[in-house]
Amino acid sequence: MRIRAVRLDELPVLQDIERAAGECFRDIGMPEIAEDEPLPLDELARYHRAGLAWVMADDSDAPVAYLIAARVDGNLHVEQVSVHPGSARRGLGRMLLDRAAARATDEGAPALTLTTFTEVPWNAPYYARCGFRPLDDAELTPGLRRIRAQEAAHGLDQWPRTCMRRALRT
């Protein structure tokens, strides 16, 4: 497997990966998350154009996982990491996070940030194992506050959420 930039014609595959990965939420009593539609193709295309969309490709060069990111308040913000369940538990998400960290370091960003569910095992506890730490409200940047407000408006706050940060060497 290898990490590479996503190709424009693969954006629908990213949606398929996210739908498949989302099914795990149904098993833990979060069916609304499982049923939430992935980002539309035009939004995914913006990450592609910005050069902030990567896939983990299998031996036949087909995407099995992806990460998209955005620049938020001087940091690289992980918008989405999804791994197809058929390829899960192999460290692919961590490798994609490390790729994003390398890009952020190259750009001089001091950290990766993300928002996530606190009580979902493959969310906040997983990200903590990957070097992220939760931020208190006083540490939230204006951009992270906007993201959290958008998430709340989308209904995600019916489950506990947090912002997390992974400091990088720059």
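Residues numbered from 1 in each chain as written. Predicted model: local features only at pLDDT ≥ 70, side-chain atom pairs only at ≥ 80, totals over all residues. Heavy atoms only, no water.

### Side note on the overall build of the protein chain
- Check the secondary structure of the protein chain and you find six helices and seven strands.
- The order of α-helices and β-strands along the protein chain, N terminus first, is β-α-α-α-β-β-β-α-β-α-β-α-β.
- The C-alpha radius of gyration of the protein chain comes to 15 Å, within 12% of the 15 Å expected for a compact globule of 170 residues.
- Dimensions of the protein chain, computed from C-alpha atoms along their principal axes, come out at roughly 45 × 40 × 30 Å. (Helix = DSSP H or I, 4+ residues; strand = E, 2+ residues; numbered from the N terminus. Rg over C-alpha atoms; globule rule 2.2 N^0.38 Å.)

### Focus on the pairing of strand β5 (residues 111–117)
- Taken across its seven residues, β5 has seven buried, putting it largely inside the fold.
- Where burial is concerned, the two faces of β5 agree: the one with Ala111, Thr113, Thr115 and Phe117 and the one with Leu112, Leu114 and Thr116 are both buried.
- Here two bridges tie strand β4 (residues 75–83) to β5, and the two strands are oriented parallel to one another. Note on β5: the bridge partner recorded for His77 is Thr113.
- What joins β4 to β5 is helix α4 (residues 92–106), and the crossover it makes is right-handed. (Buried < 20%, exposed > 50% of the residue type's maximum accessible area, 1.4 Å probe, protein only. Pairing = 2+ DSSP bridges. Right-handed = clockwise from strand over helix to strand, strands pointing away.)

### Regarding the pairing of β4
- β4 sits mainly inside the fold: seven of its nine residues count as buried.
- When strand β3 (residues 63–72) meets β4, the two strands line up antiparallel, connected through eight bridges. Its bridge partner being in β4, Ala69 is matched across the sheet by Val78.
- Counted between consecutive antiparallel strands, the loop separating β3 from β4 contains two residues, among which Asp73 sits at a positive phi close to 55°.

### So, the nonpolar core
- Among the nonpolar cores identified, the biggest contains 27 residues, and Trp54, Leu67, Leu76, Leu97, Leu112, Tyr127 and Phe132 are the most heavily contacted of them.
- Going through the elements one at a time, β2 (53–57), β3, β4, α4, β5 and α5 (124–129) are the ones with two or more residues in this core.
- If we ignore the near neighbours within four places in the chain, the residues touching Phe132 are Leu97, Leu112, Thr113, Leu114, Tyr127, Met164, Arg165 and Arg166.
- Core analysis: the second largest hydrophobic core is formed by twelve residues, Leu14, Val55, Ile68 and Ala70 among them. (Core = buried A, V, L, I, M, F, W, Y, C linked by side-chain atoms within 4.5 Å. Contact = heavy atoms within 4.5 Å.)

### Quick notes on helix α6 (residues 142–153)
- Between its terminal C-alpha atoms α6 stretches 17 Å, which fits the 16 Å expected from twelve residues at 1.5 Å a residue.
- Tucked into the core, α6 has its buried residues touching β3, β4, β5 and β7 (161–167).
- Looking at the residues trailing α6, positive phi occurs at Gly155, about 95°. (Expected span 1.5 Å × (residues − 1).)

### Topic: unusual backbone geometry
- Despite not being glycine, Asp61 shows a phi value in the positive range, around 70°.
- One can find Asp61 in the loop between β2 and β3.
- The class for Asp61 is partly exposed, based on a relative accessible area of 22%.
- Despite not being glycine, Arg89 shows a phi value in the positive range, around 65°.
- Structurally, Arg89 is set in the loop between β4 and α4.

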